[in-house]
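Close look at the chain arrangement
This is what each chain is made of:
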Amino acid sequence: MKANNMHPLAKLLVIALFPIAAAIAGESQTAVMDLQNIHCYACLNTVKKALRNVPGVEETKLDIDKKTATVKFDPAKTNTAALVQATVKAGFPSTLRKHPDNR
Ligand SMILES: [Cu+2]
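Residues numbered from 1 in each chain as written. Predicted model: local features only at pLDDT ≥ 70, side-chain atom pairs only at ≥ 80, totals over all residues.

1. Focus: the overall build of the protein
A count of helical and extended segments in the protein gives 3 helices and 4 strands. Each helix and strand of the protein, ordered N terminal to C terminal, gives the series α-β-α-β-β-α-β. Within the span of the protein, comprising 103 residues, buried residues form 20% of the whole. Considering only intrachain contacts with a sequence separation of at least 6, the fraction spanning at least 24 residues in the protein is 64%. (Helix = DSSP H or I, 4+ residues; strand = E, 2+ residues; numbered from the N terminus. Buried ≥ 20, exposed ≤ 12 C-beta atoms within 10 Å, placed from the backbone. Contact = placed C-beta atoms within 7 Å.)

Set out below in structure tokens:
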């Protein structure tokens, strides 16, 4: 009886721990950021370069129409706060759209 009651809780625990386990395993995460001040491809390139200079960033995809940056990164080396900070430093403040843990 007791084991049956614990089962859903154990399941929840597995779901809660999954992002942490993924980070330990070195699995890449993806963050989507909304960019401000983007007016042309030169702006986009500046942001792209800034993001690529962040250690741990594996892939960047920038969209001029949506004004978004999609960044694939190694969570063991960097985090979303560092990614946002890199765009801010480049002169293009950004806000995180999708947290990688909210998959
Ligand atoms: Cu521009």
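What follows continues from the structure just given.
2. Regarding the packing of helix α2 (residues 41–52) against helix α3 (residues 80–89)
Relative orientation of the contacting elements α2 and α3 amounts to 135 degrees, with a least axis distance of 9 Å. Regarding the angle of α2 to α3, the classification is oblique. Between α2 and α3 lies a crossing whose hand is right-handed. For the pair formed by α2 and α3, the contact residues are V47, A50 and L51 on the first element and L83, A86, T87 and K89 on the second. Of the residues in the contact of α2 with α3, the class split is 5 nonpolar, 1 polar and 1 charged. (Axes fitted to C-alpha atoms, helices over the stretch in contact; angles between N-to-C directions. Parallel < 35°, antiparallel > 145°, perpendicular 65-115°, else oblique. Left-handed = near helix turned anticlockwise from the far one by under 90°. Nonpolar A, V, L, I, M, F, W, Y, C, P; charged D, E, K, R; others polar.)

3. As for the nonpolar core
Ranked by size, the top nonpolar core spans 15 residues in total, and within it L35, V47, L51, A69, V71 and L83 carry the most contacts. Mapped onto this core, the elements with two or more residues apiece are β1 (29–35), α2, β2 (57–63), β3 (68–73) and α3. If sequence neighbours within four positions are ignored, V47 has contacts with L35, L62, A69, T87, A90 and F92. (Core = buried A, V, L, I, M, F, W, Y, C linked by C-beta atoms within 7 Å.)

4. Quick look at the confidence of the model for the protein
Scored by pLDDT, the protein has a mean of 86; 74% of the residues are at 70 or more. At the level of individual helices and strands, the protein shows its lowest average pLDDT in helix α1 (residues 2–24), which scores 65, and its highest in α2, which scores 98. (pLDDT = per-residue confidence, 0-100.)

5. What to know about unusual backbone geometry
In this structure, N37 is a non-glycine residue whose phi angle is positive, near 70 degrees. The partly exposed category is assigned to N37, around which 14 C-beta atoms lie within 10 Å. The phi angle at K67 is positive, at roughly 55 degrees, despite the residue not being glycine. Residue position: K67 is located in the loop between β2 and β3.

6. Some remarks on the environment of K72
Here K72 is to be found in strand β3. Here K72 falls in the partly exposed class, since 15 other C-beta atoms lie within 10 Å of it. For the pair K72 and S28, spaced 44 residues apart in sequence, the C-alpha separation works out to 6.4 Å. When near neighbours in sequence (up to four residues on either side) are disregarded, K72 contacts S28, T30, E58 and E59.

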